[in-house]
Amino acid sequence: MKKIIFTLLLAIFFGSLPMLHASEAIASLSLQLKGIDTPVIIEKLNAADGISLKISGNSDNLLFDSGIIGSENKLFVVADQATGLGTFDFDGDGNVEILASAFYGPKASALYVYRFDPASKKFSPVRFLNSSDPELSTDFMTSDLRQEDGQDMVVKADGSIVALGLIYPAKPDETPVQGLYTWKFSNGEFKLIDKKAVTAD
Amino acid sequence: MRQFKRFSVLMLIAAAMLTTGCDATKILDVITKVAEGVQKAIPAIKEVVNTVQQVTQGDNTATPAPNTPATETPAKNDAAVVVTNPGDEEEVGNNPTTPTSTGTSTATDTTGNDSEAALANYRGGRLAPAEFGRLFGPAAQEASRRSGVPASIILAQAALETGWGSSSIGNAKNLFGIKGTGPAGSVTVPTQEYRNGRMVTENASFRKYNTWQESIEDHSRLLQNSRYANAMRNRDNPDQFARELQRAGYATDPEYASKLISIMKSNNFYRFN
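Colleague: Help me understand the overall build of chain B in this model?
Modeller: Counting its secondary structure elements, chain B contains nine helices and two strands. Overall, chain B shows an N-to-C arrangement of helices and strands of α-α-α-α-α-β-β-α-α-α-α. Each of the 273 residues in chain B was classed as buried or not, and the buried ones make up 41%. Partitioning the contacts of chain B with sequence separation of at least 6, the portion at a separation of at least 24 is 60%. Surface summary for chain B: the accessible area is close to 14700 Å², and the carbon and sulfur share equals 52%.

Structure, rendered in structure tokens:
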């Protein structure tokens, strides 16, 4: 009996190992960036351990690996289109930034903005500044009111990004309310420029 | 047994090398993931073993021993829950139960039963902060023992999310506003969603739980996500735990961590840790 259980456990173990590294591309795009001679390929991958982003150049050389950015694919809106992977030129330098989103729970999703630096030829996430406590600044924007259609994280034509999220009261004598948080790119990072409670029309 | 352990470790390393093409970083990654998986599974395995043991003991005992704690007898509701209106907060008795983590006396058991009964009888509605702590404190402590999430954090998050219990999504017993389907199904409630630049009222499904404890356990389980690993590394420092939640992107509100810390401080929820 012990041998059977042992064999079964081994079979499960070995059977599940390949799944740890199997991943599928759920979105991809090709970009020509200033500072790189050949187009780069951006792939949003879904694997057993989560969602990640990989950017590779000529001959499949890996230029950037985001690491795990969430557990489930998530949409956001850019140019009035819902997508999980997109671009927008926030800093107006002629090189678009790469946008990718993911859900990780319990309620929250993140939108990452990756910027290419032609001098160092490296990609890095753009920071979202927490002005009240800069140590709590993040490499992503958060929305804790998930909407499947992606409208909880919207990149507007003027370059601002709006997140739907809860506004918690200073003291919990009241319940949290839904609000819109607006971020704007400035001096290499996103700053929160507006936060307002919203109600249905 | 020792040989079996050695064999398992060797097999693990061999398998990791095979699946990663002998890349040292990837091998470590695979081993870490498997180890994490085993670590996460240990509480569940223990629970199953305990359950099996209890069942086995129950089968062997035809009649319960006289001094067996009457866990299946419905506890009397001595600890009635006082649901307050927003203006009545100061009128509610301030009688927090000092938590006991290791007590085994009959008196402690009775208090535990009373706490559970009180929580079972609570139907939602705004509570005075002291009452909130007294009611949810033991359940938060139990969840904390299993998950490592500080009890003070659980209480502060539940208080902030629900406005001291005033909004737990109908009868869903959902203390953390988590969408989806829970152990008791889901509750569909009108909520506001953002559509083409304006807010509209639409229906959304939220997780429904059989008990308040289930809601707390589910939330603590969801925080085991690797996203919150830094928070979990600070389980002995609730204030830092709150900051790491914020840093990991638990909430949109940039003031979320400071609001949690403020609640923990002003109500001394640390005493539940």
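Structure's up, so let's keep going.
Colleague: What's the story with the side chain of B:S147 in this structure? I'm lost.
Modeller: Positionally, B:S147 belongs in helix α4 (residues 129-147). Leaving out residues up to four positions away in the same chain, B:S147 has contacts with B:S220, B:Q224, B:M232 and B:R235.

Colleague: Please clarify how the side chain of B:N174 should be interpreted in this entry.
Modeller: Residues and elements named next belong to chain B. Locating N174 in the fold gives a position in the loop between α5 (151-162) and β1 (186-195). Since its relative accessible area comes to 1%, N174 is described here as buried. For N174, the side chain forms a polar contact with the main-chain nitrogen of G177, separated by 2.9 Å. Only 3.0 Å separates the side chain of N174 from the backbone oxygen of R207, close enough to count as a polar contact.

Colleague: How do you make sense of the nonpolar core when you look at a structure like this?
Modeller: Note that soluble globular proteins tend to have their nonpolar side chains buried in a common cluster. Of all hydrophobic cores here, the largest spans 79 residues; its most connected members are A:I98, B:F132, B:F136 and B:L245. In terms of residue count, α5(B) provides more of this core than any other element does, eight residues in total. Dropping the residues within four chain positions of it, A:I98 is found in contact with A:L31, A:I42, A:L53, A:I55, A:L85, A:G86, A:Y112, A:V113, A:Y114 and A:F123. By size, the runner-up hydrophobic cluster in this structure holds 19 residues, among which are A:F88, A:F90, A:M153 and A:V155.

Colleague: Is there a simple way to explain the interface of chain A and chain B in this structure?
Modeller: Think of interface size as the accessible area that goes away when the parts come together; that is how it is often given. Taken together, the contact between chain A and chain B spans 58 residues of the former and 57 residues of the latter. Roughly 4500 Å² of surface becomes buried between chain A and chain B when both sides are summed, with 59% attributable to carbon and sulfur atoms. Taken as a group, A:P106, A:Y168 and A:P172 account for 15% of the area that chain A buries against chain B, more than any other trio of residues on that side. Across the pair A:D149 and B:R195 runs a salt bridge, and its minimum N-O distance is 2.4 Å.

Colleague: Would you explain helix α9 (residues 256-266) of chain B in this entry?
Modeller: Given 3.6 residues per turn, any residue in an α-helix points the same way as the ones three and four places further on. For α9(B), the set of buried residues is B:Y256, B:A257, B:K259, B:L260, B:I261, B:I263 and B:M264. One or two residues past the end of α9(B) sits B:N268, with phi positive at roughly 45°.

Colleague: Could you clarify how one ought to interpret the environment of B:A120 in this entry?
Modeller: With respect to the helices and strands, B:A120 occurs in helix α3 (residues 106-121). For B:A120, a relative accessible area of 47% corresponds to the partly exposed category.

Colleague: Sorry if this is basic, but what is going on with the confidence of the model for chain B here?
Modeller: One rule of thumb: low pLDDT means the predicted coordinates there are not for detailed reading. The pLDDT averaged across chain B works out to 74; a share of 59% of its residues lies at or above 70. Note on residues 54-110 of chain B: pLDDT is under 50 here. Beyond four places in sequence and across chains, it has 51 contacts.

Colleague: What is the right way to read the pattern of salt bridges from this model?
Modeller: Pairing between side chains becomes possible if they bear opposite charge and their charged atoms approach one another. On inspection of all chains with the given rule, the structure shows 22 salt bridges over all chains. One salt bridge connects A:R146 with A:E148, and the closest N-O pair in it is separated by 3.6 Å. According to the relative accessible area criterion, A:E148 is exposed, its value standing at 59%. The structure contains a network of salt bridges with shared partners spanning A:D149, B:K179, B:E193, B:R195 and B:E202.

Colleague: Honestly, the sheet that holds strand β3 (residues 50-56) of chain A in this entry has me stumped. Any pointers?
Modeller: Strands belonging to one sheet form pairs held by backbone hydrogen bonds; the direction of such a pair is parallel or antiparallel. Residues and elements named next belong to chain A. Here we have four strands laid out as an open sheet, ordered β1-β2-β3-β4, and antiparallel in their pairing. Of all the strands in the sheet, just β1 (23-31) and β4 (62-70) have a single pairing partner and so form its edges. Pairs of neighbouring strands in the sheet enclose a mean axial angle of 15°, with direction left out of account. Bridge analysis of strand β2 (residues 40-47) against β3 gives seven bridges, and the strand direction is antiparallel. The residue of β3 that forms the bridge with E43 is K54.

Colleague: I would appreciate a short explanation of the sheet that holds strand β17 (residues 189-197) of chain A in the present structure.
Modeller: All names here are of chain A. Strands sit in the order β7-β6-β14-β15-β16-β17-β12 across an open sheet of seven strands; the sheet is mixed. The open sheet has two edge strands, β7 (81-83) and β12 (127-128), and neither has a second partner. Of the pairings in the sheet, the one linking β12 to β17 comprises two bridges and is parallel in character. Bridge pairing links F128 to F190 in β17.

Colleague: I tried to follow the packing of aromatic side chains on my own but got confused; where do I start?
Modeller: The way to describe two aromatic rings as a pair is by their centre distance and the angle between their planes. This structure, assessed with the given rule, holds 21 aromatic pairs over all chains. Seen from their ring centres, A:F88 and A:F90 are 4.8 Å apart, and the 45° between their planes marks the pair as tilted. We note that A:F88, like A:F90, is buried. Clustering of aromatic rings is evident, with ring pairs tying together B:Y122, B:F132, B:F136, B:W164, B:W212, B:F269 and B:F272. Directly above the ring of A:Y104 sits B:R227, whose terminal nitrogen or CZ lies 3.7 Å from the centroid. Taking NZ or CZ as reference, B:R227 lies 4.5 Å from the ring centre of A:F140, over its face.

The rules behind these values
Residues numbered from 1 in each chain as written. Chains lettered and ligands numbered in written order. Predicted model: local features only at pLDDT ≥ 70, side-chain atom pairs only at ≥ 80, totals over all residues. Heavy atoms only, no water. Helix = DSSP H or I, 4+ residues; strand = E, 2+ residues; numbered from the N terminus. Buried < 20%, exposed > 50% of the residue type's maximum accessible area, 1.4 Å probe, protein only. Contact = heavy atoms within 4.5 Å. Areas by Shrake-Rupley, 256 points an atom, 1.4 Å probe, with all protein chains shown as cover. Polar contact = N/O pair within 3.5 Å; in protein donor to acceptor, adjacent residues only side chain to side chain. Core = buried A, V, L, I, M, F, W, Y, C linked by side-chain atoms within 4.5 Å. Buried area = accessible area lost by both parts, 1.4 Å probe. Salt bridge = Lys/Arg side-chain N within 4 Å of Asp/Glu carboxyl O. pLDDT = per-residue confidence, 0-100. Pairing = 2+ DSSP bridges. Axes fitted to C-alpha atoms, helices over the stretch in contact; angles between N-to-C directions. Phe/Tyr/Trp six-rings, centres within 6.5 Å; stacked < 30°, edge-to-face > 60°. Lys NZ or Arg CZ within 6 Å of the ring centre and 35° of its normal.

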